[in-house]
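# Observations on the model geometry
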Amino acid sequence: MRYSRERRAPRDREGPLSKLEATAGATLALVLACGAVPCRAQTLDTPKDPGPAKSLDTRGLFDTPREDRRTLSAFPRNLGRNFVGVFSGQNLVPFAVGVSATTLASAFDYQTEHALKGACSTCGTTGATAGGGALAGTVGALFVVGRFAPHGRFGAMTYDFAQAVIVTEAYTGVLKYTVQRERPDGSDSLSFPSGHTSAAFSLASVATHHYGWKVGLPAYALATGIGLSRIEQDRHHLSDVVAGATLGFIVGRTVTRLDGQAAAKKRVVSVGPATDPHGQGMGLAVSASW
């Protein structure tokens, strides 16, 4: 009886050895791939170079764009607007009231001088100082400080302070040299109106506009005290003080109204080359904005 041996096809080798070979091959392929293209798992986030330290940029610090007209570059132009704005029709009522009050006060000039003259020499000296050179220096210092806070109420108020004092002093000087009224003490003929009073009331009017009556009442009380101190010092009549208060009030409300208006838009006209919608032809395009 013959026995035939059949050749069996070799079975696929499976087992620990074949698995080890497969793992080694996959690992080698991964290493080669990561060598050609950086793998995220291999890379470490290196700290970025901070670069050179930035210096303090002060551009625009003193002329920051605003929604209103209170910019340093527009200061001279705003002064001109405020000089002319004093004669606005919106000031007719306070002007008429002030003229009537000044006329009425003139009837009590000598009685008031007799009552107040020498009553409080310390008050008179303090008022003369507060409404004179000290006031101008204070307004100047506040204006500089206010430029570092140009967008707040304080910055706007200090801007208006400077404008109001300049406009008030100018009109006060014009009236003094026009009217030529002799002072009660006979020292000169620059009695009408009271410059100390007009400056003080202009600042009180500005402060009231920006901070309301909680600040306005003390400010007006101080301005009134400065005016009365000028009578105590025998430098002004009562009517001089009332006229100065009227002028200061009108200038203060004018400055806050005009400076607070929206800034005028710049008119721009530009001309440049242009083509038709299909990209053909050549011509000039003119555009304007205002």
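Residues numbered from 1 in each chain as written. Predicted model: local features only at pLDDT ≥ 70, side-chain atom pairs only at ≥ 80, totals over all residues. Heavy atoms only, no water.

Assigned secondary structure in the chain consists of 10 helices and 2 strands. Listed by position from the N terminus, the elements making up the chain come as α-α-α-α-α-α-α-α-α-α-β-β. In the chain, buried positions account for 35% of the 290 residues. Relative to all contacts within the chain whose residues are 6 or more apart in sequence, the contacts with residues 24 or more apart total 71%. With the model as given, the accessible surface of the chain reaches about 19,100 Å², and the carbon-plus-sulfur share is 63%. (Helix = DSSP H or I, 4+ residues; strand = E, 2+ residues; numbered from the N terminus. Buried < 20%, exposed > 50% of the residue type's maximum accessible area, 1.4 Å probe, protein only. Contact = heavy atoms within 4.5 Å. Areas by Shrake-Rupley, 256 points an atom, 1.4 Å probe, with all protein chains shown as cover.)

Once that is clear, we can look at helix α9 (residues 213-232). Taking 1.5 Å as the rise per residue, α9 with 20 residues should run 28 Å; its terminal C-alpha atoms sit 28 Å apart, in good agreement. For α9, every residue scored as buried is listed here: G216, A219, Y220, A223, I226, G227, S229, R230, I231 and E232. At the C-terminal side of α9, D234 shows a positive phi close to 65°. (Expected span 1.5 Å × (residues − 1).)

Right, let's get into the environment of R69. Here R69 shows up in the loop between α1 (16-36) and α2 (75-85). Through-space distance from the C-alpha of R69 to that of A156 is 9.8 Å; in sequence the pair is 87 residues apart.

A few words now on the confidence of the model for the chain. Overall, the predicted model of the chain reaches an average pLDDT of 80, with 68% of residues at or above 70. In the predicted structure, residues 1-14 sits below a pLDDT of 50 and forms 1 contact with residues beyond four places in sequence or in another chain. pLDDT under 50 marks residues 53-61. Its contacts with residues more than four places away, or in other chains, come to 3 contacts. (pLDDT = per-residue confidence, 0-100.)

So, on to the nonpolar core. Ranked by size, the top nonpolar core spans 22 residues in total, and within it V139, F161 and V251 carry the most contacts. Put simply, the parts of the chain that give this core at least two residues each are α2, α6 (133-146), α7 (153-179), α8 (195-211) and α10 (238-259). In terms of residue count, α7 provides more of this core than any other element does, 8 residues in total. Not counting chain neighbours up to four residues away, the residues in contact with V251 comprise V86, A164, V167 and T168. By size, the runner-up hydrophobic cluster in this structure holds 8 residues, among which are A204, A219, Y220 and I226. (Core = buried A, V, L, I, M, F, W, Y, C linked by side-chain atoms within 4.5 Å.)

It is worth spelling out unusual backbone geometry at this point. Cis peptide bonds are those with omega within 30 degrees of zero, and the linkage from F192 to P193 qualifies with -10°. Here P193 is to be found in the loop between α7 and α8. In this structure, Q180 takes a positive phi of about 55° despite not being glycine. For D234, which is not glycine, the phi torsion reads 65° and is therefore positive. Within the secondary structure, D234 sits in the loop between α9 and α10.

What follows deals with the pattern of salt bridges. Across all of its chains, the model carries 7 salt bridges by this definition. In this structure, the salt-bridge partner of D109 is R181, at a minimum N-O distance of 2.9 Å. With a gap of 72 residues between them, D109 in helix α4 (residues 109-116) and R181 in the loop between α7 and α8 connect regions that are remote in the sequence. Members of the salt-bridge network, linked through shared partners, are D68, R70 and D160. (Salt bridge = Lys/Arg side-chain N within 4 Å of Asp/Glu carboxyl O.)

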